[in-house]
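Analysis of the macromolecular model
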Amino acid sequence: MSAFCSEYWEKKVGNFLNNPSLAVKNDVQDHIRTCLICRQSLDEMMGMRRLLKNLPDTEPGEEFEHNLNRRIQFIRRDRNRPMYRYFEYFNILFTVLIGSMIVLLFFLFSQILENIEKKKLEEERSAPKQEMILPD
Ligand SMILES: [Zn+2]
């Protein structure tokens, strides 16, 4: 793992590796003369670069290309489905549908409650009033 003495120098060394301009190079060289941490990290990264550069170039196999093309075709086919093409409209429609269902449910629920209340009231009214019997 490479470590640097500060984020500033980490960025600077990264810059130097990716795009070695003379000014940056001088800065980095001046710094690593006195900073062991950054010098070790730079060595490590340069070593890794050399290692990667020495790897032989390989082409992906035929099977890889075949599979990749198949997946691309699948994705293209999926994208052409109406669900994907009109996704935003489906989304809006879905939201409106769910919203109206919730409102409808609340409405039905309140109606049911109201009916129960009415029935109770009617029963109370139709029930013969019990006269209070006072003890002698
Ligand atoms: Zn440093």
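Further remarks concern the overall build of the chain. Counting its regular elements, the chain contains six helices and zero strands. Element order for the chain, N to C, with α for helix and β for strand: α-α-α-α-α-α. The C-alpha radius of gyration of the chain comes to 39 Å, more than 25% above the 14 Å expected for a compact globule of 136 residues. When the backbone C-alpha atoms are referred to their principal axes, the chain occupies close to 115 × 50 × 25 Å. For the chain, buried positions account for 5% of its 136 residues.

What follows is about the domain arrangement of the chain. Interfaces are often sized by the accessible area lost when the parts come together. Domain parsing of the chain yields domain 1 (7-54) and domain 2 (87-125). Taking only C-alpha atoms into account, the centre of domain 1 sits 68 Å from that of domain 2.

Here we take up the packing of helix 1 (residues 7-18) against helix 3 (residues 36-54). Relative orientation of the contacting elements helix 1 and helix 3 amounts to 35°, with a least axis distance of 11 Å. Considering the relative orientation of helix 1 and helix 3, their crossing is right-handed. Contacts between helix 1 and helix 3 involve W9, V13 and L17 on the former and, on the latter, C38, S41, L42 and M45. Class assignment for the residues of the contact of helix 1 with helix 3 results in six nonpolar, one polar and no charged.

The terminal C-alpha atoms of helix 4 (residues 62-80), which comprises 19 residues, lie 27 Å apart, in line with the 27 Å expected from a rise of 1.5 Å per residue. Among the 19 residues that make up helix 4, zero are buried, leaving the element largely open to the surroundings.

Remark: helix 1 packs on helix 2 (residues 22-34), axes separated minimally by 9 Å, with the N-to-C direction vectors making an angle of 130°. By the angle between their directions, the pair helix 1 and helix 2 is classed as oblique. By crossing handedness, the relation of helix 1 to helix 2 is classed as left-handed. Facing helix 1, whose interface residues are W9, K12, V13, N15 and F16, helix 2 presents V24, K25, D27, V28 and H31.

This paragraph deals with the nonpolar core. By size, the foremost hydrophobic cluster in this structure holds six residues: W9, V13, F16, V28, C38 and L42. Listing elements by their share of this core, those giving two or more residues are helix 1 and helix 3. The residues touching W9, leaving out its near neighbours within four places in the chain, are F4, H31 and C38.

When you line up the elements, R50 lands in helix 3. Look at R50 and you get exposed, because 9 C-beta atoms sit within 10 Å. Linking R50 and V13, residues 37 residues apart in sequence, is a C-alpha distance of 16 Å.

Conventions we followed
Residue positions within a chain follow its written sequence, with the count starting from 1. Only residues with pLDDT of at least 70 are given local features in this predicted model, and only at 80 or more are side-chain atom pairs given and counted; all residues enter the totals for whole chains, interfaces and linings. Runs of E in the DSSP output that reach at least two residues are strands. Runs of H or I that reach at least four are helices, and both are numbered from the N terminus. Two things to know: the radius of gyration comes from C-alpha atoms, and the globule rule equals 2.2 Å times the number of residues to the power 0.38. As a rule, residues whose C-beta atom has 12 or fewer other C-beta atoms within 10 Å are exposed, those with 20 or more are buried, and those in between are partly exposed; C-beta atoms are placed from the backbone. An automatic or database domain assignment is the source of the domain bounds shown. Helix axes use the C-alpha atoms of the stretch in contact, all axes being lines fitted to C-alpha atoms, and the angles between their N-to-C directions lie in the range 0 to 180 degrees. Take the far helix as your reference; a near helix turned counterclockwise from it by less than a right angle gives a left-handed crossing, and one turned clockwise gives a right-handed crossing. We call two residues in contact when their backbone-placed C-beta atoms lie within 7 Å. Three residue categories are used. Nonpolar comprises Ala, Val, Leu, Ile, Met, Phe, Trp, Tyr, Cys and Pro, charged comprises Asp, Glu, Lys and Arg, and polar comprises the others, including Gly. Take the residue count of a helix, subtract one, and multiply by 1.5 Å to get its expected span. Any angle from 65 to 115 degrees is called roughly perpendicular, while one under 35 is roughly parallel, one over 145 is roughly antiparallel, and all others are oblique. Nonpolar cores are built from buried Ala, Val, Leu, Ile, Met, Phe, Trp, Tyr and Cys residues. These are joined into a set through C-beta atoms within 7 Å.

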